[in-house]
Amino acid sequence: MTTTPRYRFAPSPTGFFHVGGARTALYNWALTLREGGTFVLRIEDTDESRNEPQWTQGIIDALAWLGINNDHPQFEGPYFQSANAQAHIDAAMKLFAEGKAYFCDLTGEQVQERAKASGKPGYDGFSRDRGLEAGPGRVLRFRVPAGETVVHDLVRGEVKFDNATIEDFVLLRGNGSPMFLLANVVDDQIMNITHVVRAEEHLPNTPKQQMIWNALNVAPPTWAHVPVLVNEQRKKLSKRRDKVAVEQYREEGILPESMVNYLMTLGWAPAGDTEIVPWQHIVDTFRLEDVNHSPAFFDIQKLQAFNGEYIRKMPLEVFIAECEPFLTGETMPWPAGNFKQDIFRGMAELVQTRVTALTEVPAMIDFFFLDEPAIDDASWAKATKDEWASAVLSETQTAYATAEWNHDSLKAVIEQVGEKHGLKLGKVQAPIRVAITGRTVGPPLFESLELLGRETTLARLAAASQRLAK
RNA sequence: GGCCCCAUCGUCUAGUGGCCUAGGACACCACCCUCUCAAGGUGGCGGCACGGGUUCGAAUCCCGUUGGGGCUGCCA
């Protein structure tokens, strides 16, 4: 009889959802999907001092955004670790009854003092044979057996630990509440978890947990410890120091497809010469055995490059629809109500190749919807510094008053103006562009003018001439 | 300090003893294209940490050194 694999992702709700956590979740999810298993989401909320309910919802929302949600029959949860507290305590007491754990009345400070005095770090097993019963303030410690613990890890291979180097760790706090090491194991047993795929920082915990599994007479799961994600200093990504919130990347216009694809390439690569591959391809080919052993730098620049590619790959209609939330609403740079969908539609294709995040779209087309273009001083100075600028502006204005209003002819007009002054199109267009858009860079000018319309164009050219005359 | 993990271009990686004169991607540079900016195209820069083995042959296996990281909590 073969049991279907059961993977799990067990975050603790102590802050925004971390990109490292997202990658771990994705690894589990990909494996679940390919193997026809189950993905269990379990919120590890046993640290009452740090948990906040809103973070739980944040995790669920962020996972859903990445495509991990209960629309899929293979998704199970969320469960809450706190709901199993009694089972954790029962398991602990079973270990105590069997002599596999014992109570200790030393406080944390006392443990430290003893360690300092003896010169050996950690707990020294002071209460091992004192036969203490449960009581207020007494912690339950696991009696680490002599010998060696060998962890079989799908990405690391065999990792051996000398039990003598592992202290008798705490199972139950002085107030009776279960600790992570225990709760985590008991929950995995209750939920029939077969594969524990998590970040490498948990590797030192694994021999301890494996001993708990054995002490509880249950065969441990298959372990896999994937490398951590690091910052440019090659330190583990931290919520305090680094930009790690999945939510934030979402707000900044990163597409879930890009995030998913990029995260999967940290520590692993699809076969062949392309990294941008469909999720289904990843599901079909991802293997833990192929995961790299060393930490990976989370490179925002590369994430953005992925995102740019995903944006460009979108069918135009999809792009237009996806931009919608970023173009309407209070925070837009233009007066409410000024946005015109048909103008954006006309520009969309030209905008699409020029952004790496959807949040960049408004700035690309703001001049259409602003009553006056927002003139950037540096751009203005650069584009109008030549003595011919004034003449170009006024001559263009005159010609545009009667020109045929389509981008080809608008372009031809400027070419003629340029020719008169011995200037190439690249040069002459500069003052016009600044007059109309406020900047020296932006989407193609003549298509923009066509959509802007004659009236506004002439008004802006006139305004620019006036400004230049001052 | 102790335990554990890791080590290919700046970064992410391919590589599982001969296919490696080490491949791709991001970034960077140049050129082409071009109304600006992009996109696209072409090319360039740039790496097996070091030292010993093993082997006919090593980026690939072994040992050591060095360097990095994680853990070392009545957090998870």
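Check the entry above for the structure.
Here goes a summary of the coordinates provided. Being a predicted model, the structure only gives us computed values, none of them experimental.

Rules used throughout
Residues numbered from 1 in each chain as written. Chains lettered and ligands numbered in written order. Predicted model: local features only at pLDDT ≥ 70, side-chain atom pairs only at ≥ 80, totals over all residues. Heavy atoms only, no water. Axes fitted to C-alpha atoms, helices over the stretch in contact; angles between N-to-C directions. Helix = DSSP H or I, 4+ residues; strand = E, 2+ residues; numbered from the N terminus. Parallel < 35°, antiparallel > 145°, perpendicular 65-115°, else oblique. Left-handed = near helix turned anticlockwise from the far one by under 90°. Contact = heavy atoms within 4.5 Å. Nonpolar A, V, L, I, M, F, W, Y, C, P; charged D, E, K, R; others polar. Phe/Tyr/Trp six-rings, centres within 6.5 Å; stacked < 30°, edge-to-face > 60°. Buried < 20%, exposed > 50% of the residue type's maximum accessible area, 1.4 Å probe, protein only. Lys NZ or Arg CZ within 6 Å of the ring centre and 35° of its normal. Near = heavy atom within 4 Å. Polar contact = N/O pair within 3.5 Å; in protein donor to acceptor, adjacent residues only side chain to side chain.

Some thoughts on the packing of helix α15 (residues 389–402) against helix α19 (residues 454–469)
At a minimum axis distance of 9 Å, the contact between α15 and α19 shows a crossing angle of 160°. Judged by the inter-axis angle, α15 sits roughly antiparallel to α19. Where α15 crosses over α19, the handedness of that crossing is left-handed. Of the residues in α19, those touching α15 at Ala-389, Ser-390, Leu-393, Ser-394, Thr-396, Gln-397, Tyr-400, Ala-401 and Thr-402 are Arg-454, Thr-457, Leu-458, Leu-461, Ala-462, Ala-464, Ser-465 and Leu-468. Of the residues assigned to the contact of α15 with α19, the class counts are 9 nonpolar, 7 polar and 1 charged.

What to know about the packing of aromatic side chains
Inspection of the entire model under this criterion finds 19 aromatic pairs. On the numbers, 6.0 Å between centres and 80° between planes, the contact of Phe-9 with Phe-17 is edge-to-face. The residues Phe-9 and Phe-17 share a single accessibility class, namely buried. By the ring-pair criterion, three or more aromatic residues cluster together here, those being Phe-319, Trp-334, Phe-339, Phe-344, Phe-367, Phe-368 and Phe-369. Positioned over the ring face of Tyr-123 is Arg-141, at 3.6 Å from the centre of the ring.

Digging into the protein's contact with RNA strand B
Near RNA strand B lie 63 residues; those nearest to it are Asp-47, Arg-173, Lys-235, Gly-267 and Asp-273. When atoms of RNA strand B within 4 Å of the protein are split into backbone and base, the sugar-phosphate part holds 71%. One of the side-chain N or O atoms of Arg-234 is found 3.0 Å from a phosphate oxygen in RNA strand B. At 3.1 Å from a base oxygen of RNA strand B is found a side-chain nitrogen or oxygen belonging to Arg-433. Contributions of two or more residues to the surface near RNA strand B are made by β5 (139–142), β7 (157–162), β12 (296–297), α10 (300–313), α17 (425–437) and α18 (445–452). Grouping the constituent residues of the surface near RNA strand B by class yields 22 nonpolar, 20 polar and 21 charged.

Points about the side chain of Thr-32
Among the structural elements, Thr-32 can be located in helix α1 (residues 19–35). The exposure class assigned to Thr-32 is buried, which follows from its relative accessible area of 0%. At 2.8 Å, the side chain of Thr-32 forms a polar contact with the backbone oxygen of Asn-28. Excluding residues that lie within four positions of it along the chain, Thr-32 makes contacts with Tyr-7, Gly-37, Thr-38, Phe-39 and Gln-74.

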